[in-house]
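Examining the three-dimensional arrangement
Each chain, letter by letter, is given below.
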Amino acid sequence: MLVIVCYDVNTETKEGRRRLRRVAKVCEGTGQRVQKSVFECQVTLMQLDDLERRLLAEVNLEQDCLRLYRLPETKGCEVREHGKFKAADFEGPLVL
């Protein structure tokens, strides 16, 4: 399933900037960055549970915001891209 992870980490303090880097590292290990604080992740249900658990361990829920959008696996799901970024094709070959 395709999951969109969005976060907003309060970086006013040194600890906040550290949290931001840790949250980004968790996301980078699972998906691809499509904007500064937005990642697309192709995961199974078990991987989603693990990703959410690891992200919740890093954020401060009193200062930060974390959102995970689980997109349906139907043909109706559509992503429209504009600009120079080109997303990886999760269904295509790993090596061209």
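Positions within a chain are numbered from 1, following the residues in the order the chain's sequence is written. Selection of residues for local features in this predicted model requires a pLDDT of at least 70, selection of side-chain atom pairs for listing and counting requires 80 or more, and totals for whole chains, interfaces and linings are taken over all residues. Hydrogens are left out, water is left out, and the side-chain values use all remaining heavy atoms of the structure.

Only buried residues count toward a nonpolar core, which is a set of Ala, Val, Leu, Ile, Met, Phe, Trp, Tyr and Cys residues joined through side-chain atoms within 4.5 Å. Exposure categories follow from relative accessible area, calculated using a 1.4 Å probe and restricted to protein chains: below 20% of the type maximum is buried, above 50% is exposed, and the middle band is partly exposed. Val5, Tyr7 and Leu55 are the most contacted members of the largest nonpolar core, which has 17 residues in total. Note on conventions: DSSP H or I runs of at least 4 residues are helices, E runs of at least 2 residues are strands, and numbering of each starts at the N terminus. Within the residue set of this core, elements represented by two or more residues are β1 (2–8), α1 (14–28), β3 (38–42) and α2 (45–58). Among the elements that take part in this core, α1 stands out by supplying 4 residues, more than any other. Setting aside its immediate chain neighbours within four residues, tyrosine 7 contacts Leu20, Val23, Ala24, Cys27, Arg33, Lys36, Ser37, Phe39, Cys65 and Leu66. Pairs of residues are marked as contacts when any of their non-hydrogen atoms sit within 4.5 Å.

What follows is about the pairing of β1. Counting buried residues along β1, 5 of its 7 residues qualify, which places the element largely inside the surrounding structure. Here the rule is simple: two strands pair whenever DSSP picks up at least two bridges between them. Where β1 and strand β4 (residues 65–71) come together, 7 bridges link them in antiparallel fashion. Each residue of the ladder has a partner; that of valine 3, found in β4, is arginine 70.

The subject of this paragraph is α1. Here the expected length of a helix is defined as 1.5 Å per residue gap, with one fewer gap than residues. Given a rise of 1.5 Å per residue, 15 residues ought to cover 21 Å, and the 21 Å separating the end C-alpha atoms of α1 matches this to within 8%. Those residues of α1 hidden inside the fold are in contact with β1, β2 (32–35), β3 and α2.

Checked against the element boundaries, valine 59 lands in the loop between α2 and β4. Of the residues examined, valine 59 reaches a relative accessible area of 9% and is grouped as buried. Sequence separation between valine 59 and glycine 16 is 43 residues, and the spatial gap between their C-alpha atoms is 8.8 Å. If near-sequence neighbours (up to four positions away) are discounted, valine 59 is found in contact with Arg19, Val23 and Asp64.

Any pair of Phe, Tyr and Trp rings, taking the six-membered ring for Trp, is counted once the centres come within 6.5 Å. Such a pair is stacked with planes under 30 degrees apart, edge-to-face with planes over 60 apart, and tilted for the rest. A complete count under the given rule lists 1 aromatic pair for this structure. Between tyrosine 7 and phenylalanine 39, the aromatic rings sit 6.3 Å apart at their centres with planes inclined by 20 degrees, giving stacked as the arrangement. With tyrosine 7 in strand β1 and phenylalanine 39 in strand β3, this pair connects stretches of sequence that are 32 residues apart. Judged by relative accessible area, which is 6%, tyrosine 7 ranks as buried. With a relative accessible area of 0%, phenylalanine 39 lands in the buried category.

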